[in-house]
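Coordinate analysis (summary)
Listed here are the chains, written in short residue letters.
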Amino acid sequence: MTATLRQVGLDIQDAEENRALVDAIKADNPELTIRHLPGLLKLQAAGRLVINRETVEQKLGRDWDTGEFQLAIVSYAGNFSEWDDDQIIVSWEH
Amino acid sequence: MTQAAPRAAAQKTRKLPLKERYALLTRDLDWEPSYVGKEQLFPYTSYEGIKIHDWDGWQDPFRLTVDAYYKYQAEKDKRLYAVLDSFAQSQGHLGLSDASYLNAIKLFIQGVTPLEYAAHRHFAYLARYLEGPAPRFAALCQSIDELRHCQTQIHTISNYNKYYGGFHSWSKMHDRVWYLSVPKSLFDDAMSAGPFEFLISISFSFEYLLTNLLFVPFMSGASFNGDMPTMSFGFSAQSDESRHMTLGLEAIKFLLEQDEANVPIIQGWIDKWFWRAYRMSALVAGMMDYMLPKPVMSWKEAFELYFEDQMLGGLFPDLDFYGITPPRHVEDAIAEKDHLSHQVYKILHNFSFAASFTTQTPSEEHSRWLAEQYPATYPQLYKPVWDKHARAEAAGGRIFFQGLPQLCQVCQIPMAFTEPDDPAAISFRRSEYRGETFHTCSNGCQWIFEREPEKYVQAWLPVHQIYQGHCGGATVPEVLQWYGIQDGDNGEYKGSPDARSWAQWHASAAAQGV
């Protein structure tokens, strides 16, 4: 059980075009902590982080492909355990 | 919003799901060879002893297809070039925190940019010679990425070359200059290994374990010191880097899952390459703590955040499932986190008369910051050294080390690190091979040497090469000329051409009331 609680993280560029994305991640991951470093936002959560296309589209007010996340990400900690049309999930596997 | 929804639904039905698109455009483009054998087509994937039973076990979590790859890469370049243009057009270089900041960028273009090119070459080789279509395509994308990184870095930094010294001849310097043999020899070591060891060395140890520690501090440092272009190319490159990290993690999991016999081989490579990559990151440690006029985060804090928390705390418990343990000698790296940057910058400060950047004794303000970051070591062990330099400089002097340092046979850094448990004793390891003595700087480098002595006895050690007469001559000016270092690129920052130009540009701006 403790194994699933290890921190996973996403580092995202601190930019205007990523505001809605970060809001969506905040909405879908209530336990999220955000640390500001120059130029980037460090998002961390215990065990698992999820990005839902629908939430991002709601916040953004337009269509959004999960592939567009490639434009926002700087780095991450964990493993992409899912990346399909609707969802991106970062977690540790074992 | 309300109008977009039905359009989106219509579009989604036309488009194949990501998983299917990936399967069709990546995996299904592979074919079975008919008129040559597999061993002839892929001759390099057996001699390292790695056993692969099913190449289709390789997963790419990004599910990248060639059309998506070019679409997103083009968008990244477009964003980057907009930043570069506006920075150049607005004389953005005058808004840097200080001209001495650019020493970090000189180190970057001389030390790191050529590695991007080396990575481009080697991933092109993997894109041809790995047997599975999925890793081949991932390697192809990475090869193109690395070329993009090399080109965008050259293009970005060329703007500074118009105004500041030390930015010319970096490619020649990478092949010749003493401190640049540290990164160069690491990549040469990786590129002369087999394809699987290369994946563990560069994709896993370098890209996954340590990339954050190597790149993110440079980029946050750039952001904090007014260097928008470097920050932009850095983050643009880092977005590719997260794909490269994924390739590294996928590579290790794939190899471990394929056969139990792979586990000890992989563990040996992790043990070797953690230490190799970590030792090279010592240069980044010195940069972070001493070269940024406005420091962002200490080396120690970055090491704890990105390596101890995320890797030792997060990744290695995951790999424990496969029987992989944290890298050998990791405890030595942890033990020296309070010392590393100070010892490295002392070396650079002592020898910058032979470098293509300048150094300076930390100011009182900077020294206070260092004392806050390193309360257990800086005030007692390192501040007194800088105070001594400051006294000599106040009297009109500048201390440079006269003579050439002994280099570690493996990492090629001057032998100036101390014992993990005794900051007063130089860590000095001795090994014998074929009746000759070889020296290494640490338990980690000695272990690596003794594991493959026949490889490391061939090292091109810059100091040995000078003594053997291969570097332009026997005097400092002759060697500097051979290095491509011009007068003013090197030495002390205060009073250097960069410092004088900076003062002049800002004085005239002040006089005009700008």
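Basis of the calculations
- Residues numbered from 1 in each chain as written.
- Chains lettered and ligands numbered in written order.
- Predicted model: local features only at pLDDT ≥ 70, side-chain atom pairs only at ≥ 80, totals over all residues.
- Helix = DSSP H or I, 4+ residues; strand = E, 2+ residues; numbered from the N terminus.
- Buried ≥ 20, exposed ≤ 12 C-beta atoms within 10 Å, placed from the backbone.
- Contact = placed C-beta atoms within 7 Å.
- Rg over C-alpha atoms; globule rule 2.2 N^0.38 Å.
- Axes fitted to C-alpha atoms, helices over the stretch in contact; angles between N-to-C directions.
- Parallel < 35°, antiparallel > 145°, perpendicular 65-115°, else oblique.
- Left-handed = near helix turned anticlockwise from the far one by under 90°.
- Nonpolar A, V, L, I, M, F, W, Y, C, P; charged D, E, K, R; others polar.
- Pairing = 2+ DSSP bridges.
- pLDDT = per-residue confidence, 0-100.
- Core = buried A, V, L, I, M, F, W, Y, C linked by C-beta atoms within 7 Å.

As a further point, take the overall build of chain B. On a plain count of helices and strands, chain B comes out with 24 helices and four strands. Burial statistics for chain B: of 514 residues in total, 48% are counted as buried. Put simply, 78% of the contacts in chain B that link residues at least 6 apart link residues at least 24 apart.

This paragraph deals with the overall build of chain A. A count of helices and strands for chain A gives two helices and seven strands. For 94 residues, the compact-globule estimate of 2.2 N^0.38 gives 12 Å, and the C-alpha radius of gyration of chain A, at 13 Å, lies within 12% of that figure. Principal-axis analysis of the C-alpha atoms places the extent of chain A at approximately 40 × 30 × 20 Å. For chain A, buried positions account for 37% of its 94 residues. Across chain A, the fraction of contacts at a sequence separation of at least 24, relative to all contacts at a separation of at least 6, is 64%.

Okay, the packing of helix α13 (residues 262–280) of chain B against helix α20 (residues 443–451) of chain B next. Residues and elements named next belong to chain B. At a minimum axis separation of 10 Å, α13 and α20 run at an interaxial angle of 130 degrees. Relative to α20, the element α13 is oriented oblique. Two packed elements cross with a definite hand, and for α13 against α20 that hand is left-handed. Of α20, the residues touching α13 (which contributes Lys272, Trp275, Arg276 and Arg279) are Gly444, Cys445, Ile448 and Arg451. Residues that form the contact of α13 with α20 fall into these classes: three nonpolar, one polar and four charged.

Contacts between the two partners involve 35 residues from chain B and, on the opposite side, 29 residues from chain A. Those elements that provide at least two residues to the side of chain B that touches chain A are α1 (4–14), α2 (18–25), α4 (66–89), α11 (211–224), α12 (228–258) and α15 (299–320) of chain B. At eight residues, α12 of chain B tops the list of elements feeding residues into the side of chain B that touches chain A. In terms of residue class, the side of chain B that touches chain A is built from 18 nonpolar, ten polar and seven charged.

Residues and elements named next belong to chain A. Spatially, four strands are ordered β2-β3-β1-β5 in an open sheet, and the strand pairing comes out antiparallel. In the strand order of this sheet, the two ends are held by β2 (33–37) and β5 (73–77), each with one partner. Looking at each pair of strands side by side, their axes are set apart by 15 degrees on average, direction ignored. Strand direction decides the pairing type here: strand β1 (residues 7–13) and strand β3 (residues 40–46), joined by seven bridges, are antiparallel. Bridged to Leu10 within β3 is Leu43.

This next bit is on the sheet that holds strand β4 (residues 48–52) of chain A. All names here are of chain A. Read from one edge of the open sheet, three strands run β4-β7-β6, paired in antiparallel fashion. Strands at the two margins of the open sheet, each flanked by one partner only, are β4 and β6 (79–83). Adjacent strand axes in the sheet meet at a mean angle of 15 degrees when their direction is disregarded. Sheet topology places β6 next to strand β7 (residues 87–91); four bridges connect them, and they run antiparallel. Across the sheet, residue Phe80 finds its bridge partner in β7, namely Val90. Running at roughly 55 degrees to β4, helix α2 (residues 53–60) makes contact with β4 and β7 of the sheet.

Confidence in the prediction of chain B, expressed as mean pLDDT, is 93, and 97% of residues score 70 or more. Scored as a complex, the prediction yields pTM 0.92 and ipTM 0.87.

Okay, the pairing of β7 of chain A next. All names here are of chain A. Covered by surrounding structure in β7 are Ile88 and Val90 only, the residues Gln87, Ile89 and Ser91 on the alternate face being uncovered. Alignment of β4 against β7, held across five bridges, turns out to be antiparallel. For Asn52, the partnering residue across the bridge sits in β7 and is Gln87. What sits between the antiparallel neighbours β6 and β7 is a turn of three residues.

Residue and element names in this part refer to chain B. At a minimum axis separation of 8 Å, helix α6 (residues 113–129) and helix α7 (residues 133–161) run at an interaxial angle of 160 degrees. Relative to α7, the element α6 is oriented roughly antiparallel. Judged by the sense of rotation from one axis to the other, the crossing of α6 with α7 is left-handed. When α6 is examined against α7, the residues Thr113, Glu116, Tyr117, Ala119, His120, Phe123, Ala124, Leu126 and Ala127 are found in contact with a partner set consisting of Arg136, Ala139, Leu140, Gln142, Ser143, Glu146, Leu147, His149, Cys150, Gln153 and Ile154.

Further remarks concern unusual backbone geometry. One non-glycine residue, Arg63 of chain B, adopts positive backbone phi at about 45 degrees. Secondary-structure assignment places Arg63 of chain B in the loop between α3 (38–41) and α4.

Before going further, it helps to spend a moment on the nonpolar core. The biggest cluster of nonpolar side chains holds 149 residues, and the ones touching the most others in it are Ala104 and Ile200 of chain B. Among all residues touching Ile200 of chain B, those that are not within four sequence positions of it are Ser205, Ile252, Ile266, Trp269, Ile270 and Trp273 of chain B.

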